[in-house]
Amino acid sequence: MDGPSWLGAVLFLGVQLRALWPAAAMEVHTSKEVDAVNGTNLRLKCTFSSSSPISQHLSVTWNFQPEDLSSHEPVFYYLKEPYKLSAGRFKERITWDGNIERNDVSIIIWNLQPTDNGTFTCQVKNPPDVDGTIGEVRLRVVQKVHFSEIHFLAVAIGSACVLMIIVVIVVIICRHHRNKAQEKRIEVADTEPREKENLKIREEKEASPLED
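Residues numbered from 1 in each chain as written. Predicted model: local features only at pLDDT ≥ 70, side-chain atom pairs only at ≥ 80, totals over all residues. Heavy atoms only, no water.

Draft legend 1. Representation of the sheet that holds strand 2 (residues 33-37). The sheet built from six strands is open, its strands ordered 2-11-10-5-6-7 with mixed pairing. Two strands bound the open sheet, and with one partner strand each, they are strand 2 and strand 7 (82-83). By the bridge criterion, two bridges tie strand 6 (residues 73-79) to strand 7 in an arrangement that is antiparallel. Residue Tyr78 lies in a different strand from strand 7, and its bridge partner there is Pro82. (Pairing = 2+ DSSP bridges. Helix = DSSP H or I, 4+ residues; strand = E, 2+ residues; numbered from the N terminus.)

Okay, here's the thing in structure tokens:
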């Protein structure tokens, strides 16, 4: 067998063996969508599974794409240790909250702002396992928690009920006092004629001996 034919057979055999050998793949898992309140802190969870043992050269890259679909911005990088950003919107607002031994590469964003609305990507490479999925999290920052119309209706009905109860109690108290006052007037009116009659009888009795 000449040289070129032998080399071609080796390359062909290598390709076939590689096709039969299971390819290494990195799988990254994140939440699809997250809602958070403006001004609060948020933990962006990201975990991974690798077909290879954890390497000392494992790296984690977090990026951000705003809602206007402009260019990606760096958020966080890890290689043997966390690296903080020296510039950008997330400067001094990102904290490492992962645990490589537990396949956790999560981060915390401090003091959320409306400009943080967008998509965060989490990419993990564990040589030789460097290919695979990239986790994505869509973040929506809201100004505050809004009550639904049902809540407002429940509060309005409850307030109206309390007001009606107070009015009924006041009316009952007023009627009670008015009835008491009326009974007292009737009692006084009934007592005065009897007192006058008793006084007249005493006067007549006192006058009788004098006439004798």
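Draft legend 2. Here's a closer look at the nonpolar core. By size, the foremost hydrophobic cluster in this structure holds 29 residues, and its most contacted members are Trp62, Val75, Val105, Phe120 and Val124. When residues no more than four places from it in sequence are discounted, the contact partners of Trp62 are Leu44, Cys46, Glu73, Pro74, Val75, Phe76, Val105, Ile107, Phe120, Thr121 and Cys122. (Core = buried A, V, L, I, M, F, W, Y, C linked by side-chain atoms within 4.5 Å. Buried < 20%, exposed > 50% of the residue type's maximum accessible area, 1.4 Å probe, protein only. Contact = heavy atoms within 4.5 Å.)

Draft legend 3. Layout of the pattern of salt bridges. The final tally for this structure, using the stated rule, is five salt bridges. In this structure, Asp97 and Arg43 form a salt bridge, with 2.5 Å as the shortest nitrogen-oxygen distance. Of the two residues, Asp97 sits in the loop between strand 8 (94-96) and strand 9 (107-109) while Arg43 sits in strand 3 (residues 42-44), which places them 54 residues apart along the sequence. The partly exposed category is assigned to Asp97, whose relative accessible area is 31%. (Salt bridge = Lys/Arg side-chain N within 4 Å of Asp/Glu carboxyl O.)

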